[in-house]
Each structure stands twice: as C-alpha cells, then as structure tokens.
Amino acid sequence: MLDKRIMGLDYGSKTIGVAVSDLLGMTAQGVETININEQVKDFKIKRIKELVNEYNIGKIVVGLPKNMDNSIGFRGEATLYFVEVLKKKIKSVEVILQDERLTTMGAERVLLEANVSRKKRKDVIDKMAAVLILQTYLDKF
C-alpha cells in the first residue's frame, strides 16, 4: 500500500490529461482534462496543485513523447520545459518522466474498440492517455 497516490499527466499543447493511482498502486483512473494555453505558458499549475492536494499525491509521472528512434523532438522539448516549470512550482512531489511513445494512439484504439463516438473520444482521449502513461509506470512494480 502506498502512503500517497501517484498522478499521471499527458501533456499537450492545448490540454493536459490527468489520472491518479489507487492507494495500492495497482490501477490508474482518469480524473479530468485540463485546458491550457502553451503559447502563453498558461499551464494551469494552480489546478494541478489543487489535484495534488485533493488526491494526496506523492509523485507525478509525466509522459515524455519520444520519436521512434528514441530522439526527443519538438513535443518532447515542450514537455521537458513543462516538467521544469512543474518542478519549480510544486516542490512537495517528485516529478518523473515516462516514455509515452504510441500512448495516444493506444488510447484512441481502446476508445474505438469501445465504440465511443468521435465527439466523446475527443473529450476523453487525453485523460485516457494519462491513464495509460500511469498504468505503464505502475506495471513496472
């Protein structure tokens, strides 16, 4: 059993998908999708802090999008910048990176197989990707 839950974040240019673990560290549940504005560096850190407190979070796992050759491209660089901001603003939790290659595609496939409508998929895809990022991390232990 964990002392604190683990949060998973799927960072994008317009939204951040959020998931949290159970206290056993076995499962991840989607919580919400936060709308952000990357262009003006409005990352909604205040909302993330609120969720950290609400769910008693001890660690944040952020998906790092890498290219298939393991290099870090534009989206990866943007994610690394976001992680640095997150670490400076929320010092009470450890922030780590999790390789998330193909996570969004996997989330899309799960939603398609569940016959979720296109509009609904758009609303939940980032939250589902956060679940997959966090579940991948949890499965290592």
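As a reminder, the structure under discussion sits directly above these lines.
Note that the structure is a prediction, hence the values are computed from the model and not measured. (Residues numbered from 1 in each chain as written. Predicted model: local features only at pLDDT ≥ 70, side-chain atom pairs only at ≥ 80, totals over all residues. Heavy atoms only, no water.)

A few points about the nonpolar core
Phase 1 of the analysis: Core analysis: the largest hydrophobic core is formed by 24 residues, its most contacted members being Met7, Leu9, Ile16, Ile48, Ile60, Phe82 and Leu86.
Phase 2 of the analysis: At the level of secondary structure, the elements contributing two or more residues to this core comprise strand 1 (5–11), strand 2 (15–21), helix 1 (45–54), strand 4 (57–64) and helix 2 (74–89).
Phase 3 of the analysis: It is helix 2 that contributes the most residues to this core, five residues altogether.
Phase 4 of the analysis: Contacts of Phe82, omitting those with residues within four sequence positions, involve Leu9, Tyr11, Ile16, Phe43, Ile45, Ile48 and Val62. (Core = buried A, V, L, I, M, F, W, Y, C linked by side-chain atoms within 4.5 Å. Buried < 20%, exposed > 50% of the residue type's maximum accessible area, 1.4 Å probe, protein only. Helix = DSSP H or I, 4+ residues; strand = E, 2+ residues; numbered from the N terminus. Contact = heavy atoms within 4.5 Å.)

Examining the pairing of strand 3 (residues 28–35)
Phase 1 of the analysis: Pairing of strand 2 with strand 3 involves seven bridges; the strand directions are antiparallel. Note on strand 3: the bridge partner recorded for Thr15 is Asn35.
Phase 2 of the analysis: Between strand 2 and strand 3, which pair antiparallel in sequence order, lie six residues; one of them, Gly25, sits at a positive phi of approximately 70°. (Pairing = 2+ DSSP bridges.)

Side note on helix 1
Phase 1 of the analysis: Within helix 1, the full set of buried residues consists of Ile45, Ile48, Leu51 and Val52. Down the axis of helix 1, the buried side of the element spans an arc of 120°, and every buried residue falls inside it. Away from its buried face, by an angle of more than 90 degrees, helix 1 presents the exposed residues Lys46, Asn53 and Glu54.
Phase 2 of the analysis: The inward-facing, buried residues of helix 1 contact strand 1, strand 2, strand 3, strand 4 and helix 2. (Arc of directions from axis to C-beta.)

What about helix 3 (residues 103–113)?
Phase 1 of the analysis: Of all the positions in helix 3, only Thr103, Gly106, Ala107 and Leu111 are classed as buried. The buried residues of helix 3 occupy an angular sector of 135° when projected down its axis, which confines them to one face. The exposed set on the far side of helix 3, more than 90 degrees from its buried face, consists of Met105 and Glu113.
Phase 2 of the analysis: Looking at the packing, one finds that the buried side of helix 3 touches helix 4 (118–138).
Phase 3 of the analysis: A positive phi of about 60° marks Asn115, the residue just after helix 3.

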